[in-house]
Structures are given as C-alpha cells and as structure tokens.
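Fold and geometry: a report
Residues per chain are reported as follows:
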Amino acid sequence: MKRASIRSLGIGLFLAGAVFQIQHLSTSGEIKSSHAINEGAYDKSQAELKIVKQQLAQLQLNLENAKKENSTEVNAKIEEKEDKESPPKKSTSNSILIVQPGMNSRDISSALESTGIIQNKQDFEDYLDAQNLTGRIQIGEYELDSSLTMKQIAEKITKK
C-alpha cells in the first residue's frame, strides 16, 4: 500500500508540473498556432497539384495525337508506295517462299528481295510492322510472284 501511494504521489507531481509548464508556455506566447500556416500551404499545394494534373493530361493528349499522326503518316507513305504504278514489267518473277519455324519478318523480307518478289526488304518489314502482322506470319509454302503488292503478299503469309 505504501508503494502505491508513493507512486500516485509521483504521478500527481509529474502531471502538476506538466500542467504548469503548458500554462506558462501558452501565456508567454512560445506556443504558436501553425494551423493557419499549414492550411494555407495545403491550399497552395492543392492548387499547384491541380495545375500539374492539367499539364499532364494535356501532355498525354498531345502524345496520343502525335502517335495517331505518326501512324497515319506511316500508313499513308506505305499506301503511296503501293499505289505508285510502276512501269509494266516485261516479265514477272515467280518463286516459292518456304517459311520455316524460327524465321522472322526480317528473314522473310530478305528472301523475298533476293528472289525478286519485292524491290526493298525494309519497305516490306515496315509494312508488316505498321499493320501489326509480324507476329501473324504462318509456317508453310507460298507461291508468289513479283506482280503482287506488299498487301497481297502479307495476306498470303499471315493469319488474320
């Protein structure tokens, strides 16, 4: 019992001292409310955040538009190359393209160029890439000739 009363007395003295200290600090002006400062800073940061979000949304919109324009330009260039009428060829070159497992669009484009089916392997690779057909090339044997357009060749060797 003696210990409990001594402990209670100590706790009481500690609390009384803390109350006197708080009262002294609050009357001497050392404790200042920073609530208004924090609220003002919060409002300012919220306004800045809103501006940054608007800028981000505008940048994303600009990026999407640029991607669309670039895609449209690439497709237009491809179609322009396809639509250009080449002078009539005196003879067409016929070939059988064998697509084997492990071949990619670069291998196939090189094979088509070396056999004379296409004029430029890079144009054909770009066409396949722009049309998202590089992953759709099918294994097999295809009879092709140089009178076919890139679109016709792609349709023959890919699965839609």
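For the structure given in this document, a descriptive report is provided here. Note that the coordinates shown come from a computational prediction; the quantities given were computed from them, not determined experimentally.

Another aspect to go through is helix α4 (residues 121-130). Buried within α4 are the following residues: F124, E125, Y127 and L128. Along the long axis of α4, the arc covered by the buried residues comes to 160°, so they all point the same way. A distance of 2.8 Å separates the backbone nitrogen of Q122 from a side-chain oxygen at the start of α4, and that oxygen is part of N120.

Turning our attention to the pattern of salt bridges. The tally for this structure, following the rule as stated, stands at one salt bridge. R106 is paired through a salt bridge with E125; the nearest N and O atoms lie 3.8 Å apart. Here R106 is found in helix α3 (residues 105-114), whereas its partner E125 is found in helix α4, with 19 residues between them in sequence. Under the relative-accessibility criterion, R106 is labelled exposed at 54%.

This paragraph deals with the nonpolar core. Within the largest apolar cluster, 18 residues are counted, with the highest numbers of intra-cluster contacts made by L97, I108, L112, F124, L144 and I153. Every element with two or more residues in this core is listed here: β1 (94-99), α3, α4, β2 (140-145) and α5 (150-157). No other element matches α5, which puts four residues into this core.

For the rest of this paragraph, the subject is the side chain of S95. For S95, the position within the fold is in strand β1. With near-sequence residues (within four places) excluded, S95 lies in contact with T115, I117, Y142, E143 and L144.

At N132, a residue that is not glycine, the phi angle is positive and equals roughly 55°. Along the chain, N132 turns up in the loop between α4 and β2.

Further remarks concern the packing of α3 against α4. In contact at an axis separation of 8 Å, α3 and α4 are set at 140° when each is read in the N-to-C sense. When the axes of α3 and α4 are compared, the pair comes out oblique. Crossing of α3 over α4 shows right-handed handedness. When α3 is examined against α4, the residues S105, R106, S109, S110, L112 and E113 are found in contact with a partner set consisting of K121, F124, E125 and L128. For the contact of α3 with α4, the class distribution of residues is three nonpolar, three polar and four charged.

Definitions and limits used
- As a convention, each chain's residues are numbered from 1 in the sequence order in which they are written.
- It should be noted that, the model being predicted, local features are given only for residues of pLDDT at least 70 and side-chain atom pairs only at 80 or more, the latter also being counted only at that level, while totals for whole chains, interfaces and linings use all residues.
- Calculated side-chain values reflect all of the structure's heavy atoms, with hydrogen atoms and water omitted.
- Each residue is assigned to one of three classes by its accessible area relative to the maximum for its type, calculated with a 1.4 Å probe on protein chains only: buried under 20%, partly exposed between the two thresholds, exposed over 50%.
- Only runs of H or I of at least four residues qualify as helices and only runs of E of at least two qualify as strands under DSSP, and these elements are numbered from the N terminus.
- The directions considered for the arc run from the helix axis to the C-beta atoms.
- The term polar contact refers here to a pair of N or O atoms within 3.5 Å; inside protein, the definition further demands a hydrogen-donor-capable atom paired with an acceptor-capable atom, and it admits residues adjacent in sequence only when both atoms are side-chain atoms.
- One speaks of a salt bridge when a side-chain nitrogen belonging to Lys or Arg is within 4 Å of a carboxyl oxygen belonging to Asp or Glu.
- For this analysis, a nonpolar core means a set of buried residues of the types Ala, Val, Leu, Ile, Met, Phe, Trp, Tyr and Cys, connected via side-chain atoms within 4.5 Å.
- Any two residues whose heavy atoms approach within 4.5 Å are treated as being in contact.
- To get an axis, a line is fitted to the C-alpha atoms, and for a helix only the part in contact is used. The angle between two axes follows their N-to-C directions and goes from 0 to 180 degrees.
- Any angle that falls under 35 degrees is termed roughly parallel, while one over 145 is termed roughly antiparallel, one within 65 to 115 roughly perpendicular, and all others oblique.
- Note on convention: the crossing is left-handed when the near helix lies turned anticlockwise from the far helix by less than a right angle, right-handed when the turn is clockwise.
- For this classification, Asp, Glu, Lys and Arg are treated as charged, while Ala, Val, Leu, Ile, Met, Phe, Trp, Tyr, Cys and Pro are nonpolar and the rest, including Gly, are polar.

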